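Chains, contacts and geometry: an overview
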Amino acid sequence: MKYLKIRTISVLTILVIFFSCSPDATDPMDPKYGIPEEEAEEEVEEENEFTGDTFSINVSNRKEINPLIFGLNNDWRQIPSTQFTAFSQEYKNLGGTLLRFPGGWESEFYDWETNTTPTWDNKPEEPGADINTVKSNIENYSIVLPTAIAMNHELNSASFNEALIELEETAKTAITMAGVNEIGIVEIGNEWWLQYAGGVNRAEKLTKYTTVAMNIAEYISEEFPERNFKLLINGDYTKPNEFTEMKEQFTKAYEEIDGVALHTYVGYQTDTHNMVDLQQRIEESADNFNPERNYIYLSEWMPSRDYNERRLYMEAANIIPDIFQIYAMAGTDAAAFWPPVNSSIPGVGVFNWNFSKTFPVGQIFSDLSNSFTGEVVSTSDGNFQITAALQDDQTLVVYVPGKDRDATDIKLVFEGFNVESIEVAEKFVPDDYTETAKAAPYRVETASASIDYENEVQFRINEEGSYQIIKLVFKGSIN
């Protein structure tokens, strides 16, 4: 009996050993027996691997944002004097901080004493506001001085010199009427020398403009020795080397020039005015003329239709945050968007003709003017598709335009900032996803975003359709 018991135990032991060695018995990778905990974790991690777009935000690299970058052009031809008060109210509601007067082309033909453009082929039936009306409604403004009547004559000819004297007198009249102690910025010319300018070649235009500008600058310094306004030359930002050439030709009044005025029409689908080179070109244009006095005024700008495959309304609005990010990183001191009225260039204007409707470009401009404040923060992804500002030590705002990309998961990675909470999560969406270039304001909806244990934020963009803009406001702390 004892023998049988021992034998039974031995047989059972042999069977246990046999089956434990069998590949069909307790294979650790056999699903019916479960997966070891360590390997299961690895498999889950592989399944959840992030496959979207990652953007980095470096709070340690930041620059002050000058509020005057949220300026507008007046557009004297399109905004009649009788409607200027209504325009100025909407300008303030928009968050406008600077108004350029009288505008662009009209400045070359504008008679300051009569508030008319008598020699302009494109003069309006009803004149725009005069400078006194502007001063009664707008706190900060800049003016443009003409150069055309000299530019259209042969350099140093008798007629050129006579025209130059007339331009100097016009400068004195304009500055006096605008208020020498009230005006903020004075531009010499409106890129006129880039246009016809007597039909000479580019180099001759440059020399002619430089001659006009330095004579006007010298005259202004003599007439207004105690001036506080910034006096700027105007040139082509796509050719920064020309500012070096102007510097070399400035044989007098060089120290009277405070910086440059540039017309930064820009886009993604262009070699000549591309977004990739925008910041560098702005900085070089200013530094090439005078690195010690390099005030930067982007006195006309927009996401050009010609350089952005005719993107309009909400499509154009998707480019605006990118541009402001670049402007701020370039150290821009002031800027004035053009056009303020949609009828000038439909699709990229801020307001409709009677200012009763604000279009998407104006809407995102307004939101940025209120939220893109404090210090601009460095961002990196290679495509200028994220905009960020540190409003204060605890508040960070981020804009991510979806443009025409497919629905995409987005991850934000932070350097130098601990995210503690998401205070605002919004998405600005087209009025109609089937017509993203529709002439209609965008809609604001609630967005969804989450913070993970690694201090990263994830969300999804363009899930319902293209051309969304995600806005997130974070609370946290700098580290």
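You'll find the structure just up there.
Not measured: the values here are computed from a predicted model.

Here helix α8 (residues 241-249) crosses helix α9 (residues 278-289) at 10 degrees, and the two axes come no closer than 7 Å. Here α8 is positioned roughly parallel relative to α9, judged by the angle of their axes. Residues Asn241, Phe243, Thr244, Met246 and Lys247 of α8 form the contact with α9, whose own contacting residues are Ser285, Asn288 and Phe289. Grouping the amino acids of the contact of α8 with α9 by side-chain chemistry returns three nonpolar, four polar and one charged.

Our focus in this paragraph is the layout of surface pockets. Roughly 610 Å³ of volume is contained in the largest pocket. Forming the boundary of the largest pocket are 28 residues, of which Trp105, His263, Tyr265, Glu300 and Trp338 lie nearest the centre. Listing elements by their share of the lining of the largest pocket, those giving two or more residues are β7 (259-266) and β8 (295-303). Counted by class, the lining of the largest pocket contains nine nonpolar, ten polar and nine charged residues. Each pocket or cavity is described by its volume, and for the second largest pocket that value is around 410 Å³. Along the walls of the second largest pocket sit 16 residues, with Phe109, Tyr110, Asp111, Glu166 and Thr170 positioned nearest its centre. Among the secondary structure elements, those contributing two or more residues to the lining of the second largest pocket are α5 (148-151) and α6 (158-178). Top contributing element to the lining of the second largest pocket by residue count: α6, with four residues. Here the residues of the lining of the second largest pocket sort into eight nonpolar, four polar and four charged.

Our focus in this paragraph is the packing of aromatic side chains. Here the distance between the centres and the angle between the planes together describe a pair of aromatic rings. Under the criterion given, the structure shown has 22 aromatic pairs. Taking the centre distance of 5.6 Å and the plane angle of 90 degrees together, the rings of Phe101 and Tyr110 count as edge-to-face. Judged by its relative accessible area of 0%, Phe101 falls in the buried class. Ring centres of Phe414 and Phe474 lie 5.4 Å apart, and the angle between their planes is 85 degrees; this geometry places the pair in the edge-to-face category. In this pair, Phe414 sits in strand β13 (residues 408-415) while Phe474 sits in strand β18 (residues 469-478), placing the two residues 60 residues apart along the sequence. We note that Phe414, like Phe474, is buried. Of the aromatic side chains, those joined through ring pairs into one cluster are Phe70, Trp301, Phe324, Tyr327, Phe337 and Phe365.

Now for the sheet that holds strand β17 (residues 456-461). The sheet built from ten strands is open, its strands ordered β15-β14-β18-β12-β11-β10-β1-β13-β17-β16 with mixed pairing. The open sheet is flanked by β15 (443-446) and β16 (449-451), the only strands paired with a single partner. Recorded for the sheet is a direction-independent mean angle of 25 degrees between the axes of neighbouring strands. Taken together, the six bridges between strand β1 (residues 53-64) and β13 define a ladder with parallel strand orientation. Paired with Asp53 across the strands is Ile410, a residue of β13. In the packing of helix α12 (residues 360-371) onto the sheet, the strands contacted are β11 (387-392), β12 (395-401), β14 (417-429) and β18, and the crossing angle to β12 comes to about 160 degrees.

Backbone torsion omega between Phe101 and Pro102 reads 0 degrees, so that peptide bond is classified as cis. Following the sequence through the fold, Pro102 ends up in the loop between β3 (98-101) and α4 (131-137). Phi is positive for Asn156, which is not a glycine, with a value near 70 degrees. Its location among the elements puts Asn156 in the loop between α5 and α6. Judged by its relative accessible area of 53%, Asn156 is exposed. The backbone phi angle of Ala197 is positive, close to 50 degrees, even though this residue is not glycine. Here Ala197 lies in the loop between β5 (185-188) and α7 (202-223). Classification of Ala197 as buried rests on a relative accessible area of 0%.

The rules we used
Residues numbered from 1 in each chain as written. Predicted model: local features only at pLDDT ≥ 70, side-chain atom pairs only at ≥ 80, totals over all residues. Heavy atoms only, no water. Axes fitted to C-alpha atoms, helices over the stretch in contact; angles between N-to-C directions. Helix = DSSP H or I, 4+ residues; strand = E, 2+ residues; numbered from the N terminus. Parallel < 35°, antiparallel > 145°, perpendicular 65-115°, else oblique. Contact = heavy atoms within 4.5 Å. Nonpolar A, V, L, I, M, F, W, Y, C, P; charged D, E, K, R; others polar. 1 Å grid on protein atoms, 1.4 Å probe; cavity = no way out; pocket = protein on both sides within 12 Å on 5 of 7 lines; lining within 4 Å. Points joined across faces, edges and corners; volume = space filled by probe spheres on them. Phe/Tyr/Trp six-rings, centres within 6.5 Å; stacked < 30°, edge-to-face > 60°. Buried < 20%, exposed > 50% of the residue type's maximum accessible area, 1.4 Å probe, protein only. Pairing = 2+ DSSP bridges.

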